[in-house]
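Geometric and topological summary
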2 protein chains.
Amino acid sequence: MKIGELGEFGLISRIASGVAQGSGVITGIGDDAAVTALSPGMQLLTSTDMLVEEVHFRRLWHDPYRLGRKSLAVSISDIAAMGGIPRWALLSLAVPPETSIEVLDAFTHGFLDMAAEQGVALIGGDTCSSRAGLTISVTIMGEQVPERIIRRSGACPDDDIWVTGTLGDAALGLELLEKGALPSTSTTDEREHLISRLLDPLPRAAAGRALAEAGLVSAMIDVSDGLLADFGHIAEQSALGGTIRLDSIPLSPAFRTVLQSHPNPRHDLVLAGGEDYELAFTAPAANREKIVRLMKKCGIGATPVGIVTTLPEVTAVFADGSRYAPLNNGFNHFA
Amino acid sequence: MKIGELGEFGLISRIASGVAQGSGVITGIGDDAAVTALSPGMQLLTSTDMLVEEVHFRRLWHDPYRLGRKSLAVSISDIAAMGGIPRWALLSLAVPPETSIEVLDAFTHGFLDMAAEQGVALIGGDTCSSRAGLTISVTIMGEQVPERIIRRSGACPDDDIWVTGTLGDAALGLELLEKGALPSTSTTDEREHLISRLLDPLPRAAAGRALAEAGLVSAMIDVSDGLLADFGHIAEQSALGGTIRLDSIPLSPAFRTVLQSHPNPRHDLVLAGGEDYELAFTAPAANREKIVRLMKKCGIGATPVGIVTTLPEVTAVFADGSRYAPLNNGFNHFA
């Protein structure tokens, strides 16, 4: 059956039928607005992302289950970057009427699996017809006590610059797809690992929250447009700069293996590839050991990759001190 | 200049530059998530709407300023229907790169004018490129104390069914446009009044909030898909039914004038036309005078148009008691 035959209310019922009751949800899907209660003393964190077919994803590459997961994951990543606790989500879909129910079911399944993994409840949304491709809009709400919310503006001179996990994997995964590799559900080989980092990113919600609640970090952002551009936002909003040491940036074994025969080290993928969905943060040098221990508890690596400077300029340098000249400064959606 | 030349960050800056500081906004546009503080004792109300070019609006008819106003108005209408106080909004836009800056500026201007009129602050959003037409996604947040929030499920047998304002204007306005009338900015004639009800609806936020805070109503919804369908939701969620008296439904002078030479009374427009953005609510008969007085204070008419029944069926009847047979039951986005 096609979505066009199911109709708007059928589509909403179908999505709503899979939704679990969430904590703090007073009234979920089915009224004019959802009603939720923040935990006592918490402020509200809100972010929204729009994903457009053929701009953010291609259905040839992106199976609907993983697309559903990713649609929520990229929004949760924004709550993680504030040190927040993700709570509730709204999902809007503009769907071509000829879309099959199976595709929609797989998408919803993926979205709700990611929600369950991250403790997020789907509380509302909107559905409508689209003339050209699938458009997905997700709003995420989270919460945190005011004194633990981490902003981009809090970096201090001489703070370390950190990143979680490894950078460049998703960008290299995209390059593999563009060169004709096809995603599979197997994760046994390096190429599939890289493609999976692109198609099914895991938001660092537990890590971001733990760092904020331990009071260890001064500024934080999620790396969605590449480290140079995203740390650039921290630098700009903190009225500071920073030096990133290229040889300190953590790379995955898969990244190294796939690129081992490549003529150049592909710093562009690492610094400006985009879609890493890792966290970049700044912290006083005194917190180094505590941060590594805390991130280990969260099951994720974290690596100091540079230092915050008073000179308001962001540079990346090689081990010999020479400067990296960027090819570009992150992803421009309109380029 | 075109949006494609301005780029994503230029577009965000351009929108953000017009945004006024809002109450309860701790951190607005410019971080990974917005930070807001609910008023003490309030619960959070959230709703989201997606508007797709050529599905929800046509740019031939809809000047960008009024489209900006309407994009926010339809979401505020959902908060009004809960008896809530609208507070903050998120705006996401997928924009064709060839769109001119002037169009975007006019859209933003309209959105922010509506926001200012309704006490809403724009706190975040997303922008990206679209391959086919403009897509707009708005999330609205509001608040209200728990005991004053009005749901669809609260209707009681023998309650009056009420509507604010007049019904059918927007649907007749759409018919005029479809038959070749063109919108103008003049509001001097009846046709333009009807078209304006479609293109620039005014959400009944003050009325919805006042009714809820006075404790006068048992259930409420906004009329976006036509009274039959929307009162149908109240009936369904209250496990009741209702009888709507066709001759009681308030019609505007413009509606009557334009249709005076029409061979039939066009009950379809009134009952199932959609996009009225009035409020339909239920209330004990004892509250009649208080409701009329309160709505007068809010500058809007309110009319009892029927009665809630224990028989779980919604019907519309003529003055002689005969039943109206609906042509359709509201707007299906996928039809």
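Keep in mind that this is a model prediction, so the values were computed, not measured.

About the cut-offs
- Residues numbered from 1 in each chain as written.
- Chains lettered and ligands numbered in written order.
- Predicted model: local features only at pLDDT ≥ 70, side-chain atom pairs only at ≥ 80, totals over all residues.
- Heavy atoms only, no water.
- Salt bridge = Lys/Arg side-chain N within 4 Å of Asp/Glu carboxyl O.
- Helix = DSSP H or I, 4+ residues; strand = E, 2+ residues; numbered from the N terminus.
- Buried < 20%, exposed > 50% of the residue type's maximum accessible area, 1.4 Å probe, protein only.
- Pairing = 2+ DSSP bridges.
- Axes fitted to C-alpha atoms, helices over the stretch in contact; angles between N-to-C directions.
- Contact = heavy atoms within 4.5 Å.
- Least-squares fit on C-alpha atoms with pLDDT ≥ 70 in both.
- Buried area = accessible area lost by both parts, 1.4 Å probe.
- Polar contact = N/O pair within 3.5 Å; in protein donor to acceptor, adjacent residues only side chain to side chain.

1. Topic: the pattern of salt bridges
All names here are of chain A. In the structure shown here, the tally under the stated rule is 38 salt bridges over all chains. In this structure, Arg 87 engages Glu 143 in a salt bridge whose closest nitrogen and oxygen atoms are separated by 2.4 Å. Placement of the pair is Arg 87 in strand S4 (residues 85-95) and Glu 143 in strand S6 (residues 135-144), with a sequence separation of 56 residues. Of the residues examined, Arg 87 reaches a relative accessible area of 9% and is grouped as buried. Under the relative-accessibility criterion, Glu 143 is labelled buried at 2%. One salt-bridge network, held together by shared partners, links Asp 169, Arg 197, Arg 204 and Glu 278.

2. Considerations on the sheet that holds strand S11 (residues 302-309) of chain A
All names here are of chain A. Strand order in the open sheet formed by six strands is S8-S10-S7-S11-S9-S12, and the pairing between neighbours is mixed. Looking along the sheet, the strands with just one partner apiece sit at the ends: strand S8 (219-223) and strand S12 (314-317). Averaged over all pairs of adjacent strands, the angle between their axes in this sheet comes to 25°, without regard to strand direction. One ladder, built from four bridges, connects strand S7 (residues 160-164) with strand S10 (residues 278-283); its direction is antiparallel. Pairing of Asp 160 across the sheet is with Ala 283, part of S10. Seen against the sheet, helix H10 (residues 288-297) touches S7, S10 and S11 and runs at an angle of roughly 10° to S7.

3. Section: the relation of the copies chain B and chain A
Taken as rigid bodies, chain B and chain A are interconverted by a rotation of 180° and an axial shift of 0.0 Å, the fit giving an RMSD of 0.0 Å. Both copies of the chain, as the preceding transformation shows, are related through a two-fold rotation axis. Judged by C-alpha distance, Ala132(B) is the residue of chain B that lies nearest the rotation axis, at 3.1 Å.

4. With respect to unusual backbone geometry
All names here are of chain B. The phi dihedral of Glu 275 falls on the positive side, at around 65°, and the residue is not glycine. Among the structural elements, Glu 275 can be located in the loop between helix H9 (267-272) and strand S10 (278-283). Residue class for Glu 275 comes out partly exposed when judged on its relative accessible area of 22%. One non-glycine residue with positive phi stands out, namely Tyr 277, at about 50°.

5. As for the pairing of strand S3 (residues 43-52) of chain A
Among the ten residues that make up S3(A), ten are buried, leaving the element largely enclosed by the rest of the structure. Residues Gln43(A), Leu45(A), Ser47(A), Asp49(A) and Leu51(A) point to one face of S3(A) and Leu44(A), Thr46(A), Thr48(A), Met50(A) and Val52(A) to the other, with burial holding for every one of them. Note that S3(A) and S6(A) share ten bridges and pair antiparallel. Residue pairing in the sheet places Leu45(A) in a bridge with Gly142(A) of S6(A). As paired elements, S3(A) and strand S2 (residues 34-36) of chain B share three bridges and run antiparallel to each other. Each residue of the ladder has a partner; that of Thr46(A), found in S2(B), is Ala34(B).

6. Concerning the interface of chain B and chain A
The interface of chain B with chain A comprises 65 residues on the first partner and 65 residues on the second. Carbon and sulfur atoms make up 58% of the area that chain B and chain A hide from each other, which totals about 5,100 Å². Remark: the boundary between chain B and chain A carries four salt bridges. Taken together, chain B and chain A are joined by 24 residue pairs in polar contact (both at pLDDT 80 or more). Broken down by element, the residue count for the side of chain B that touches chain A peaks at nine residues, all from strand S3 (residues 43-52) of chain B.

7. Here's the deal with the sheet that holds strand S1 (residues 25-27) of chain A
Spatially, six strands are ordered S1(A)-S2(A)-S3(B)-S6(B)-S4(B)-S5(B) in an open sheet, and the strand pairing comes out mixed. Both edges of this open sheet fall to S1 of chain A together with strand S5 (121-129) of chain B, since each of them pairs with a single strand only. The mean angle between the axes of side-by-side strands here comes to 20°, regardless of whether they run parallel or antiparallel. Relative to strand S6 (residues 135-144) of chain B, strand S4 (residues 85-95) of chain B runs antiparallel, the two being bridged by nine bridges. The residue of S6(B) that forms the bridge with Pro86(B) is Gly142(B).

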